[in-house]
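Analysis of the macromolecular model
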Amino acid sequence: LGTAQLDDRRYYGLPLYMPHNHGAQSNLVLLKAATTFGRPEWAVKARQRILRDYNEVFSDCGISREQSSAYHLYNTRLWEKLAKEADLPRHLKVAQAGSALVRPDGVLEEIGDGSKDNQQANGGGLWCPQEGWAAGAKSGMHYTLRFGPPRAMHGHVDKGSITWFTRGTPVLSDRGTADKKNATELTWSRGVAAHSVLEAVGRSNDDPMTGRKRGASAY
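Residues numbered from 1 in each chain as written. Predicted model: local features only at pLDDT ≥ 70, side-chain atom pairs only at ≥ 80, totals over all residues. Heavy atoms only, no water.

1. Some details on helix α2 (residues 21–36)
Here α2 is 16 residues long and its end C-alpha atoms lie 23 Å apart, about the 22 Å a rise of 1.5 Å per residue gives. Listed as buried for α2 are Asn21, Gly23, Ala24, Ser26, Asn27, Leu28, Leu30, Leu31, Ala33 and Ala34. Residues of α2 that are buried in the fold lie against α1 (2–6), α3 (40–57) and α4 (69–85). Gly38 occupies a position one or two residues after α2 and carries a positive phi of about 65°. (Helix = DSSP H or I, 4+ residues; strand = E, 2+ residues; numbered from the N terminus. Expected span 1.5 Å × (residues − 1). Buried < 20%, exposed > 50% of the residue type's maximum accessible area, 1.4 Å probe, protein only. Contact = heavy atoms within 4.5 Å.)

This is the structure in structure tokens:
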């Protein structure tokens, strides 16, 4: 198993794949195994991977590239552990980006794969044109927008989606992901019909693409 972990062809991260939480988890396991079995070279390999992947996990705006609000928060916690192991500085924008997706009532909007999660809202904004995320809050209102690159990793066909929370009520919200035990419902939940998006009537294309433009105001 140790030999398999060291093989870059099996590693879910750079140089053959984009960094993914599975690869990050394997590095934590490799670090523990190195101590348990007295194999310091395993720890060296894990730390090399952490250093190599670190700057590609999150975009410059702080959002994870896995296209999921829930997986962003998971990656935030996971990479805080890995950063400590490799003596890396904390990415200051990462926590802020995740909190910007949380409604004033503490509910994380379910964008992409994942399940409901309660977090602390920071009342701040998010603008990430490279990865296709925007969010903002003002006077008890909150919104999120999804746009940008094609679906990847834990994303859904939800480009053009909008969520809106105001006066204590989620007016527009996202259904999130269906139970993985039901393949039909799971497939449906990842399609455009399952999300709060604009859908072109009479078109068979199930993959809406959007551009982005930043206006003078968040509202």
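2. What to know about the packing of aromatic side chains
This model, assessed by the stated rule, comprises four aromatic pairs. A centroid spacing of 6.1 Å and a plane angle of 50° characterise the contact between Tyr54 and Trp79, whose relative ring orientation is tilted. Taken as a pair, Tyr54 in helix α3 and Trp79 in helix α4 lie far apart in primary sequence, 25 residues in all. For the residue pair Tyr54 and Trp79, the accessibility class agrees, reading buried in each case. (Phe/Tyr/Trp six-rings, centres within 6.5 Å; stacked < 30°, edge-to-face > 60°.)

3. Looking at the nonpolar core
Membership of the largest hydrophobic core comes to 19 residues, with the highest contact counts inside it found for Ile50, Trp79 and Leu82. At the level of secondary structure, the elements contributing two or more residues to this core comprise α2, α3 and α4. Contact partners of Trp79, with chain neighbours within four places excluded, come to Ala24, Ile50, Asp53, Tyr54, Val57 and Phe58. With 13 residues, the next largest nonpolar core counts Leu73, Ala100, Trp133 and Ala135 among its residues. (Core = buried A, V, L, I, M, F, W, Y, C linked by side-chain atoms within 4.5 Å.)

4. Description of the state of the cysteines
In total, this model carries one disulfide according to the counting rule given. Here Cys61 is linked by a disulfide to Cys128, with a sulfur-sulfur distance of 2.1 Å. When the S-S torsion is -70°, as for the bridge of Cys61 with Cys128, the disulfide is left-handed. Of this pair, Cys61 sits in the loop between α3 and α4 while Cys128 sits in strand β1 (residues 126–128), placing them 67 residues apart in sequence. Of the two residues examined, Cys61 and Cys128, each falls in the buried class. (Disulfide = S-S within 2.5 Å.)

5. Points about the sheet that holds strand β2 (residues 133–138)
If you walk across this open sheet you meet the five strands as β1-β2-β3-β4-β5, and the pairing is antiparallel. With one partner strand each, in any of the chains shown, β1 and β5 (169–172) form the two edges of the open sheet. Neighbour-to-neighbour, the strand axes of the sheet open up by a mean angle of 15°, direction not taken into account. As judged from the three bridges shared by β1 and β2, these two strands associate in the antiparallel manner. (Pairing = 2+ DSSP bridges. Axes fitted to C-alpha atoms, helices over the stretch in contact; angles between N-to-C directions.)

6. A short note on the pairing of β5
Of the pairings in the sheet, the one linking strand β4 (residues 162–166) to β5 comprises three bridges and is antiparallel in character. Within the sheet, the bridge partner assigned to Thr166 lies in β5 and is Thr169. Between β4 and β5, which pair antiparallel one after the other, the connecting turn spans two residues, and Arg167 there sits at a positive phi close to 50°.

7. Observations concerning the pattern of salt bridges
A pair can form between side chains of opposite charge whenever their charged atoms are brought close. Within this structure, the stated rule accounts for nine salt bridges. Residues Asp8 and Arg49 are paired through a salt bridge, measuring 3.0 Å at the closest nitrogen-oxygen approach. In this pair, Asp8 sits in the loop between α1 and α2 while Arg49 sits in helix α3, placing the two residues 41 residues apart along the sequence. Taking relative accessible area as the criterion, Asp8 reaches 22% and is therefore assigned partly exposed. (Salt bridge = Lys/Arg side-chain N within 4 Å of Asp/Glu carboxyl O.)

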